[in-house]
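Per-entry structural report
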Amino acid sequence: MTQHLKLRIHVTEPWDFERIAGTAELHGWTTDHADPDNEEWEVHLDEGFDFNERHIGTLLAGPRYVGEHLSRMFDAVAGFPVRLAHRQDGGWQYAFAAMISQRHSQEERQDQNDGAI
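It should be emphasised that the depicted structure is a prediction, and the values quoted were computed from it without experimental measurement.

Taken together, 6 strands build a closed barrel; the order of strands is β1-β2-β3-β4-β5-β6 and the barrel is antiparallel. Sheet twist, expressed as the average angle between the axes of neighbouring strands with direction ignored, equals 40°. Taken together, the 6 bridges between strand β1 (residues 5–13) and strand β6 (residues 91–102) define a ladder with antiparallel strand orientation. Bridge pairing in β6 links His 10 to Met 99.

The structure is reproduced here in structure tokens:
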């Protein structure tokens with residue numbers, strides 16, 4: 001079985017996403033990275049969010065700029081720009097822009113500790 005690639009997604013557009021969804025930081029995973037021919041990755045969110053009266057638990061990430069490939073995320077220092085789509089009416093509707101990066105186990109431990117009292 002293909003190892004899950006754990007991701008951190010920081011939504012940058014729409015500008016009021018954090019106010020609407022309650023957070024700008026999303027965490028999730030994909031296995032689509034295993035096939036280098038995949039131009040888009042389906043990302044399953046650890047915790048979904050509500051947007052425009054709909055709950056979203058899965059996003060489709062694609063490169064923000066023409067000619068780029070999502071595998072460049074592994075070379076990025078502070079994240080890689082992507083467009084994000086959510087399912088709507090049987091297809092994918094692009095609605096967000098974000099920065100995507102790999103989430104490492106040390107970051108996961110820090111995220112868990114941030115919630116501790």
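So, next bit.
Counted as a void, the largest pocket has a volume near 210 Å³. For the largest pocket, the full set of lining residues is Ala 21, Thr 23, Glu 25, Leu 26, His 27, Asp 46, Glu 47, Gly 48 and Phe 49. Across the lining of the largest pocket, the residue classes tally to 3 nonpolar, 3 polar and 3 charged.

This part covers the pairing of strand β2 (residues 25–30). Of the two faces of β2, only one is covered, namely that formed by Leu 26, Gly 28 and Thr 30; the face formed by Glu 25, His 27 and Trp 29 stays uncovered. The sheet contact formed by β1 and β2 spans 6 bridges and is antiparallel. Opposite Leu 5, over in β2, you have Thr 30 as the bridge partner. Examined bridge by bridge, β2 and strand β3 (residues 41–51) share 2 bridges and lie antiparallel to one another. By the bridge assignment, Trp 29 is partnered in β3 with His 44.

Now for the nonpolar core. By size, the foremost hydrophobic cluster in this structure holds 23 residues, and its most contacted members are Ile 9, Phe 49, Leu 84 and Phe 96. Those elements giving two or more residues to this core turn out to be β1, α1 (17–21), β3, β4 (54–63), β5 (80–88) and β6. Broken down by element, the residue count for this core peaks at 5 residues, all from β3.

To continue, consider the pattern of salt bridges. Oppositely charged side chains may form a pair once their charged atoms are brought near each other. Across all of its chains, the model carries 5 salt bridges by this definition. Residue Arg 64 is joined to Glu 13 by a salt bridge in which the shortest nitrogen-to-oxygen separation is 2.9 Å. Placement of the pair is Arg 64 in the loop between β4 and β5 and Glu 13 in strand β1, with a sequence separation of 51 residues. The salt bridge partner of Asp 46 is Arg 103, with a shortest N-O separation of 3.0 Å.

Here is what the cut-offs are and how they apply
Residues numbered from 1 in each chain as written. Predicted model: local features only at pLDDT ≥ 70, side-chain atom pairs only at ≥ 80, totals over all residues. Heavy atoms only, no water. Pairing = 2+ DSSP bridges. Helix = DSSP H or I, 4+ residues; strand = E, 2+ residues; numbered from the N terminus. Axes fitted to C-alpha atoms, helices over the stretch in contact; angles between N-to-C directions. 1 Å grid on protein atoms, 1.4 Å probe; cavity = no way out; pocket = protein on both sides within 12 Å on 5 of 7 lines; lining within 4 Å. Points joined across faces, edges and corners; volume = space filled by probe spheres on them. Nonpolar A, V, L, I, M, F, W, Y, C, P; charged D, E, K, R; others polar. Buried < 20%, exposed > 50% of the residue type's maximum accessible area, 1.4 Å probe, protein only. Core = buried A, V, L, I, M, F, W, Y, C linked by side-chain atoms within 4.5 Å. Salt bridge = Lys/Arg side-chain N within 4 Å of Asp/Glu carboxyl O.

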